[in-house]
Amino acid sequence: MDGDRVEIDGGIMEGGGQILRVSTALSCLLGLPLRVRRIRAGRSQPGLRPQHLSGLEIIRDLCEGKLEGGEIGSTEITFTPGKIKGGTHVADTKTAGSVCLLMQVAMPCVLFAASPSELHLKGGTNAEMAPQIDYTVMVFKPIVEKFNFTFNCDIKKRGYYPQGGGEVVVQMSPVKELSPINLTERGTVTKIYGRAFVAGALPIKLAKDMAAAAVRCIRKEIRDLYINIQPVREPDDQAFGTGSGIIVVAETSTGCLLAGSSLGKRGKNSDKVGIEAAEILLRNLKHGGTVDDSLQDQLIIFMALAKGVSRVKSGPITLHTQTAIHFAEQLTKAKFTVTKSEEEDPSKDTYIIECQGMGMINPNL
């Protein structure tokens with residue numbers, strides 16, 4: 001500690017941008033000055049990339065904070081938060097950096113702002129190594145809203161690797177506090193649906209091929225359910241650049257949503273893209289948890305902030321989730337426990353993530 005500045009080692013555990021997102025969001029919320037060293041030390045190109053810098057800048061702007069060391073390639077930053085304001089804020093990665101990861105860092109903060117916020121997030125909407133915007137809207141949104149808040153996410157334009165050029169507008173109003181969630185009953189899968197998309201120079205046939213391959217793959221395991229994967233060609237005025245991909249979502253009788261997704265790239269067979277998404281979905285269905293691997297770590301910060309005890313049943317705990325828990329515990333008074341789930345079926349590899357939340361109260365409301 002330097003005075004009362006919290007020291008964060010950005011190179012431990014997952015060693016990537018997530019440490020930066022979780023710790024700066026919590027720093028902003030709790031009014032804790034922060035120093036993060038060894039930023040993304042676990043990555044092939046360590047230090048801040050455009051996307052991480054945009055995330056830091058939007059947090060700085062949201063709370064009129066001070067950011068030092070905020071340049072591309074920087075491996076150390078200090079951040080001094082101010083008071084969280086609402087209003088309109090723009091973050092632009094100017095690359096295909098993920099708008100969904102920008103949303104991840106900003107959303108917890110604007111929930112505790114003084115007034116409603118509108119975030120204009122620019123970059124890649126369907127980017128590698130990040131949730132696709134379709135996942136954010138179809139899976140993340142309905143589940144995270146169980147913490148008792150709502151947000152609107154308007155996809156103005158889709159953008160793909162390498163140029164980006166996408167834009168989403170997120171609108172949300174602040175809350176007094178977050179309610180805990182209890183996601184421990186999987187139920188049975190009642191429907192499977194999704195979308196396979198192409199944009200720019202690619203023919204709709206690719207989307208149809210991805211969808212058909214995904215359906216064939218799922219059919220081998222799940223025979224009796226109707227599977228509805230829509231092939232779509234994104235309208236030219238609503239997409240920048242050329243891209244393709246697929247998301248497949250399974251919905252259960254208890255309202256759980258689990259997904260698998262995959263992106264097309266040059267030289268990758270469209271059948272393979274569809275099969276990859278289907279296999280990820282099937283793997284997530286097999287473990288018996290109520291959330292998939294991509295959602296697991298995204299819920300941690302909300303569980304930490306909520307008032308009361310949250311419980312989530314998941315598959316094997318990912319390194320991203322372990323990392324989020326580590327830094328949430330370091331910075332808040334939340335307490336997490338992870339226990340192997342007492343399943344009747346020993347073949348299921350499930351865990352209960354339990355959190356006694358810190359009960360963050362919005363001082364502005």
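Only a predicted model underlies this, so the values are computations on that prediction, with no experimental measurement involved.

1. Thoughts on the packing of aromatic side chains
Okay, step 1: Scanning the model with the defined rule gives six aromatic pairs in all.
Okay, step 2: Taken together, a centroid distance of 5.8 Å and an interplanar angle of 25° make the contact between phenylalanine 149 and phenylalanine 302 stacked. Here the residue phenylalanine 149 occupies a position in the loop between helix 4 (133–144) and strand 7 (151–159), and phenylalanine 302 occupies one in helix 8 (residues 300–305), the gap between them amounting to 153 residues.
Okay, step 3: Its relative accessible area of 4% is what places phenylalanine 149 among the buried residues.

2. A closer look at the sheet that holds strand 7
Okay, step 1: In spatial order, the strands read 5-6-8-7-12; together these five strands make up an open sheet with mixed pairing. Lying at the two open borders of the sheet, with one neighbouring strand each, are strand 5 (87–92) and strand 12 (239–240).
Okay, step 2: In this fold helix 3 (residues 99–111) packs onto strand 5, strand 6 (117–123), strand 7 and strand 8 (166–172), with an angle of close to 165° to the strand it touches most, strand 6.
Okay, step 3: Contacts between helix 4 and the sheet are confined to strand 7 and strand 8, with strand 7 contributing the most and set at about 170° to the helix.

3. Description of the packing of helix 3 against helix 4
Okay, step 1: Close contact between helix 3 and helix 4 brings their axes to 8 Å; oriented N to C, the two are set at 45°. Taken as axis vectors, helix 3 and helix 4 run oblique relative to one another. Residues Val99, Cys100, Met103 and Met107 of helix 3 form the contact with helix 4, whose own contacting residues are Ile133, Thr136 and Phe140.

4. Here we look at the layout of surface pockets
To locate leftover empty space, one rolls a probe as large as a water molecule over the atoms.
Okay, step 1: Of the voids in this model, the largest pocket is the one considered here, and its volume is about 1400 Å³.
Okay, step 2: Within the residue set of the lining of the largest pocket, elements represented by two or more residues are helix 1 (17–30), helix 2 (50–62), helix 3, strand 14 (257–263), helix 6 (270–286) and helix 7 (293–296).
Okay, step 3: Residue contributions to the lining of the largest pocket peak at five residues, all from strand 14.
Okay, step 4: Counted by class, the lining of the largest pocket contains 13 nonpolar, 20 polar and 13 charged residues.
Okay, step 5: As a volume, the second largest pocket reaches approximately 510 Å³.
Okay, step 6: As for the second largest pocket, its lining consists of 19 residues, of which Thr242, Gly243, Gly264, Lys265 and Arg266 are closest to the centre.
Okay, step 7: Looking at the lining of the second largest pocket, the elements with two or more residues in it are helix 5 (204–221), strand 13 (243–252) and helix 6.

5. Structural notes on the pattern of salt bridges
Okay, step 1: Taken as a whole and assessed by the stated rule, the structure comprises 21 salt bridges.
Okay, step 2: Here arginine 158 ties to aspartate 134 by a salt bridge, and the two come within 2.9 Å at their closest N and O atoms. Of the two residues, arginine 158 sits in strand 7 while aspartate 134 sits in helix 4, which places them 24 residues apart along the sequence. No difference in accessibility class separates arginine 158 from aspartate 134, as the two residues are buried.
Okay, step 3: For arginine 195, the salt bridge is made with glutamate 234, and the minimal N-O distance between the two is 2.9 Å. Taken together, the residues span a long stretch of sequence, with arginine 195 in strand 10 (residues 189–199) and glutamate 234 in the loop between strand 11 (227–233) and strand 12 at a distance of 39 residues. With respect to class, arginine 195 is no different from glutamate 234; both count as buried.
Okay, step 4: A single salt-bridge network, built from bridges that share partners, covers Glu7, Arg35, Arg37 and Glu76.

Thresholds applied
Residues numbered from 1 in each chain as written. Predicted model: local features only at pLDDT ≥ 70, side-chain atom pairs only at ≥ 80, totals over all residues. Heavy atoms only, no water. Phe/Tyr/Trp six-rings, centres within 6.5 Å; stacked < 30°, edge-to-face > 60°. Helix = DSSP H or I, 4+ residues; strand = E, 2+ residues; numbered from the N terminus. Buried < 20%, exposed > 50% of the residue type's maximum accessible area, 1.4 Å probe, protein only. Pairing = 2+ DSSP bridges. Contact = heavy atoms within 4.5 Å. Axes fitted to C-alpha atoms, helices over the stretch in contact; angles between N-to-C directions. Parallel < 35°, antiparallel > 145°, perpendicular 65-115°, else oblique. 1 Å grid on protein atoms, 1.4 Å probe; cavity = no way out; pocket = protein on both sides within 12 Å on 5 of 7 lines; lining within 4 Å. Points joined across faces, edges and corners; volume = space filled by probe spheres on them. Nonpolar A, V, L, I, M, F, W, Y, C, P; charged D, E, K, R; others polar. Salt bridge = Lys/Arg side-chain N within 4 Å of Asp/Glu carboxyl O.

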